[in-house]
Amino acid sequence: DTIVAESEAAPKVQLLSAGSGTVCLVRDPKDGAHYRGQVTSVSEDKFSVHYVDYGNRETVPISSLFDIPVSLTQHKVCGVHCKIAGTKTPEGGFDSGNTDKLKEAVRPQHGSLRLRTPCL
């Protein structure tokens, strides 16, 4: 909750430009909240961003990119890409709304799975 609270409390200074590799706060078009992100590519006026604490990716306009305070760059990245050997990703993938699918995919081969978010 510390990173989320800091992100929301941070002053919002919109970026005027950004390129691949730019670390910033990204306003999520779905919920309007601001999350730590990194620009992965730019195409015309669209910016592909990777939300570093959640692992998802999205394409947003420059109006959704904001300067990130130095204090928010000091936290570890929480979203880590991983794969579980011997499992298949369900259609639609895994997200916070379908972790039961992940647990079911793992249980037959590995016994059990406990999902935690240590950074939040």
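Note that the structure is predicted; figures quoted are calculated from it, not measured. (Residues numbered from 1 in each chain as written. Predicted model: local features only at pLDDT ≥ 70, side-chain atom pairs only at ≥ 80, totals over all residues. Heavy atoms only, no water.)

**Q** Any chance you could break down the nonpolar core for me, citing the residues and the numbers?
**A** Grouped together as the largest cluster of nonpolar side chains are 12 residues: Leu15, Ala18, Cys24, Val26, Ala33, Tyr35, Val39, Phe47, Val49, Tyr51, Val60 and Leu65. Of all the elements in the fold, those that place two or more residues in this core are strand 1 (23-27), strand 2 (34-43) and strand 3 (46-51). Among the elements that line this core, the one with the most residues is strand 3, at 3 residues. In contact with Val49, other than residues within four places in its own chain, are Val26, Gln38, Val39, Thr40, Asn56, Arg57, Glu58, Val60 and Leu65. If you look at the next biggest cluster of nonpolar residues, it comprises 7 residues, including Leu25, Ile68, Leu72 and Cys78. (Core = buried A, V, L, I, M, F, W, Y, C linked by side-chain atoms within 4.5 Å. Buried < 20%, exposed > 50% of the residue type's maximum accessible area, 1.4 Å probe, protein only. Helix = DSSP H or I, 4+ residues; strand = E, 2+ residues; numbered from the N terminus. Contact = heavy atoms within 4.5 Å.)

**Q** Residue-level account of the packing of aromatic side chains, with values.
**A** In total, this model carries 2 aromatic pairs according to the counting rule given. Pairing Tyr35 with Tyr51 gives two aromatic rings, centres 6.0 Å apart and planes at 85°, and the pair type is edge-to-face. Within this pair, whereas Tyr35 is found in strand 2, its partner Tyr51 is found in strand 3, the two being separated by 16 residues in sequence. Where Tyr35 meets Tyr54, the ring centres are 5.5 Å apart and the plane angle is 85°; that geometry is what we call edge-to-face. (Phe/Tyr/Trp six-rings, centres within 6.5 Å; stacked < 30°, edge-to-face > 60°.)

**Q** Give me the pairing of strand 3: which residues, what numbers.
**A** Pairing geometry for strand 2 and strand 3, over 6 bridges, is antiparallel. When the sheet's bridge partners are listed, Ser43 is paired in strand 3 with Lys46. With antiparallel pairing between neighbouring strands as the criterion, strand 2 and strand 3 make up a hairpin whose turn holds 2 residues, including Glu44 at a positive phi of roughly 55°. Here strand 3 pairs with strand 4 (residues 57-61) via 5 bridges, running antiparallel. Residue pairing for strand 4: Ser48 is matched across the bridge by Thr59. A loop of 5 residues connects strand 3 with strand 4, the two strands running antiparallel in sequence, and Gly55 in this loop sits at a positive phi of about 90°. (Pairing = 2+ DSSP bridges.)

**Q** Pulling in residues and values, what's your account of the sheet that holds strand 2?
**A** In spatial order, the strands read 4-3-2-1-5; together these 5 strands make up an open sheet with antiparallel pairing. In this open sheet, the two edge strands, each paired with only one partner strand, are strand 4 and strand 5 (65-66).

**Q** So what about unusual backbone geometry? Which residues, and what values?
**A** A positive phi is found at Glu44, a non-glycine position, where the angle reads about 55°. Counting through the fold element by element, Glu44 comes out in the loop between strand 2 and strand 3. Residue classification places Glu44 among the exposed residues on the basis of a relative accessible area of 77%.

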